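Each chain is listed here by its residues.
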Amino acid sequence: MVSRSDVKLYSKRRLLFVVTEDWYFVSHRLALAVEASRAGFTVMVVTRFSSHRRAIEDAGVRVIPFEMNRRGLNPLALLREAMELADILRRERPDVVHLVALRPVVVGGLAVRLAGIRRIVSAVTGMGFLFTDGSRL
């Protein structure tokens, strides 16, 4: 649990999650986002939205729509995504960026460098599409 002195320490800090899908954020990171908010962080999530946007907003997390292609491996498309994400990061100016899953770690890793952000959490979860699509690759 967070103490009152911790809340003062972290007040006005901005935490931004980058996740490929809204449903994954709700099932695996929403509780963490709520606790960060209770600790005084302004919490945002950059993700593709399907049907869970309302649940995220109801929890007090600001949503930023972003279409991230989970399957494409085109280097130019990856670079384009990283540049678009870097624009969002420059605009939102988070203190901490939490990248969740392989694609956000790769694309977001480049984006945070482009945006000049130094505090990053990279959480690679599962094996990712590259390893589970059934191809020989």
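The structure contained in this document is the topic of the report that follows. (Residues numbered from 1 in each chain as written. Predicted model: local features only at pLDDT ≥ 70, side-chain atom pairs only at ≥ 80, totals over all residues. Heavy atoms only, no water.)

**Description of the overall build of the protein**
Step number 1: When helices and strands are tallied, the protein shows 7 helices and 5 strands.
Step number 2: Order of helices (α) and strands (β) in the protein, N terminus to C terminus: α-β-α-α-β-α-β-α-β-α-β-α.
Step number 3: When each of the 137 residues of the protein is scored for burial, the buried share is 37%.
Step number 4: For the protein, the proportion of contacts with a sequence separation of at least 24, taken over those separated by at least 6, is 65%.
Step number 5: For the protein, the accessible area works out to roughly 8300 Å², and carbon and sulfur atoms hold 55% of it. (Helix = DSSP H or I, 4+ residues; strand = E, 2+ residues; numbered from the N terminus. Buried < 20%, exposed > 50% of the residue type's maximum accessible area, 1.4 Å probe, protein only. Contact = heavy atoms within 4.5 Å. Areas by Shrake-Rupley, 256 points an atom, 1.4 Å probe, with all protein chains shown as cover.)

**Notes on the packing of helix α5 (residues 75–92) against helix α6 (residues 102–115)**
Step number 1: With their axes 8 Å apart at the nearest point, α5 and α6 run at an angle of 55° to one another. Put simply, α5 runs oblique to α6. The way α5 lies across α6 gives a crossing that is right-handed. Seen from α5, the contacting residues are Leu78, Leu79, Glu81, Ala82, Met83, Leu85, Ala86, Leu89 and Arg90; seen from α6, they are Arg103, Val107, Gly108, Leu110, Ala111, Val112, Leu114 and Ala115.
Step number 2: Tallied by class, residues from the contact of α5 with α6 come to 13 nonpolar, 1 polar and 3 charged. (Axes fitted to C-alpha atoms, helices over the stretch in contact; angles between N-to-C directions. Parallel < 35°, antiparallel > 145°, perpendicular 65-115°, else oblique. Left-handed = near helix turned anticlockwise from the far one by under 90°. Nonpolar A, V, L, I, M, F, W, Y, C, P; charged D, E, K, R; others polar.)

**Details of the pattern of salt bridges**
Step number 1: Counting across every chain of the model gives 11 salt bridges.
Step number 2: Asp87 is the partner of Arg90 in a salt bridge, and the nearest nitrogen-oxygen pair spans 2.8 Å. With Arg90 and Asp87 both in helix α5 and 3 residues apart, the pair spans about one turn of that helix.
Step number 3: The class for Asp87 is partly exposed, based on a relative accessible area of 45%.
Step number 4: The salt bridge involving Glu92 is made with Arg91; its shortest N-O contact spans 3.4 Å.
Step number 5: Judged by its relative accessible area of 6%, Glu92 falls in the buried class. (Salt bridge = Lys/Arg side-chain N within 4 Å of Asp/Glu carboxyl O.)

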